[in-house]
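# Structural overview for review
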Amino acid sequence: VTAVSGVPTAASVGLAASSYYYKVAFVNTAVVTGGPSPAFGPVTLASTATVLVSSIPVGTGLNGVASRKIYRSTSLAGTYGLVRTLSDNTTTNFTDTTPLGSEGSAAVVDGTGPTPWITVREHKERIFFDDSTVRSFLRFTDYQNPYISKAANFFSTANRKGENITAIGVQEDLISVLYDKSMIWVYDLTDPSDETTWSRALSPANLGIAGSRALAETPQGLIFVGMQNGKLSGIHLLNGIQITETANDKLRSQNIAEKIEPTIFAWPSNLLPKIAMASFENRIYIACPKSSTSTVIDGIFYFDLSRIQKSKSGPGSWAPWDGIKVQNFVIHNGVLYGGSSNGDGRVVQFNSGTYT
């Protein structure tokens, strides 16, 4: 807002006698509100009146502005509350009749964007990520606003072991944060809009994870390639569905790859951080080293999820898929793809044998 024009009009219902300041914030097509402009004012009213707020700036097309929010305060450095939303990018004035004390939500004053991260996951209209400079911090964006991560939007863990967040996975209402050595924290996001209601629990599994892509999300829980004491511990199932309903056994980690342990324990340690997993059409796929002599991710195992059992007698078997060398997975338009590990820039479309 760059001007307030006209003489305030006396009104029986309007703004009380006071001084008023205004700010404007752009809203983009994703309904994300930016930071407010510098304040204009004051407009001083001697008696109850309305104010014509004019010269409201219009955003450029490059900024993707779809609407604008006008905020008001009775002091330059005070809290600015919403008094009008202009649902277009053309209107340049409006008459402010909102009584003092009836302002809406406050303007965003801490508009810090997300810090650089190593691993990231979207869940329940928030983005969760680590901090590339403080790897033990779990940071998150504002609810329904992926562009804003306030300075205080983070959780810090007791990091006496010097562990780093390595991967983040989702289990229904839960965000599971897996570290590189022996910690798994699980956060309950039953009400994603209010972080003060979130609870968390430390898994008794005492496991880390091999790499940022070494997990797959399934209806049964998280399946991941685990680490313990700096060595590969197997492939595990972490089920945290009962986290708010049990006292001690809140989380369960079950080894589901005992039958291929001789193979996976021979994987070269330098390739473990590059292991990738995907869950697709009731199967789990692992891009992994084929043998102890592998120099790149050159093998695949797959597993039928219907074989997972709660008993410890054995949940089924993994099978190798020879002839395909991929180092990452992505699901796009209902199709599973893998990026070639041959350094040739190819993409494999699974279950069709085609290349693009």
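Quick summary incoming for the structure in this document. (Residues numbered from 1 in each chain as written. Predicted model: local features only at pLDDT ≥ 70, side-chain atom pairs only at ≥ 80, totals over all residues. Heavy atoms only, no water.)

### With respect to the overall build of the chain
A count of helical and extended segments in the chain gives one helix and 29 strands. A burial count over the chain gives 44% of its 356 residues as buried. Partitioning the contacts of the chain with sequence separation of at least 6, the portion at a separation of at least 24 is 51%. Carbon and sulfur atoms make up 51% of the accessible area of the chain, which amounts to about 17,000 Å² in all. (Helix = DSSP H or I, 4+ residues; strand = E, 2+ residues; numbered from the N terminus. Buried < 20%, exposed > 50% of the residue type's maximum accessible area, 1.4 Å probe, protein only. Contact = heavy atoms within 4.5 Å. Areas by Shrake-Rupley, 256 points an atom, 1.4 Å probe, with all protein chains shown as cover.)

### Considering the sheet that holds strand 13 (residues 165-171)
Strand order in this open sheet of four strands is 13-14-15-16, and the pairing throughout is antiparallel. This sheet does not close on itself; its edge strands, each paired only once, are strand 13 and strand 16 (199-202). The sheet shows a mean angle of 20° between the axes of neighbouring strands, direction not considered. (Pairing = 2+ DSSP bridges. Axes fitted to C-alpha atoms, helices over the stretch in contact; angles between N-to-C directions.)

### Some remarks on the packing of aromatic side chains
Taken as a whole and assessed by the stated rule, the structure comprises 15 aromatic pairs. Geometrically, the ring pair formed by F128 and W198 is tilted, given 5.9 Å between the ring centres and 45° between the ring planes. Here W198 lies in the loop between strand 15 (184-188) and strand 16 and F128 lies in strand 10 (residues 126-130), a separation of 70 residues in the sequence. Here the two residues F128 and W198 agree in accessibility, since each one is buried. Between F137 and F154, the aromatic rings sit 4.6 Å apart at their centres with planes inclined by 15°, giving stacked as the arrangement. Of the two residues, F137 sits in strand 11 (residues 137-140) while F154 sits in strand 12 (residues 154-156), which places them 17 residues apart along the sequence. By relative accessible area, F137 is classed as buried at 18%. Under the relative-accessibility criterion, F154 is labelled partly exposed at 29%. Here the aromatic residues F128, F140, F155, Y187 and W198 are joined through ring pairs into a cluster of three or more. Residue placement shows K23 over the ring face of Y80; its charged tip is 4.4 Å from the ring centre. Of note, R200 hangs over the ring of W185, and the distance from its end group to the ring centre comes to 4.0 Å. (Phe/Tyr/Trp six-rings, centres within 6.5 Å; stacked < 30°, edge-to-face > 60°. Lys NZ or Arg CZ within 6 Å of the ring centre and 35° of its normal.)

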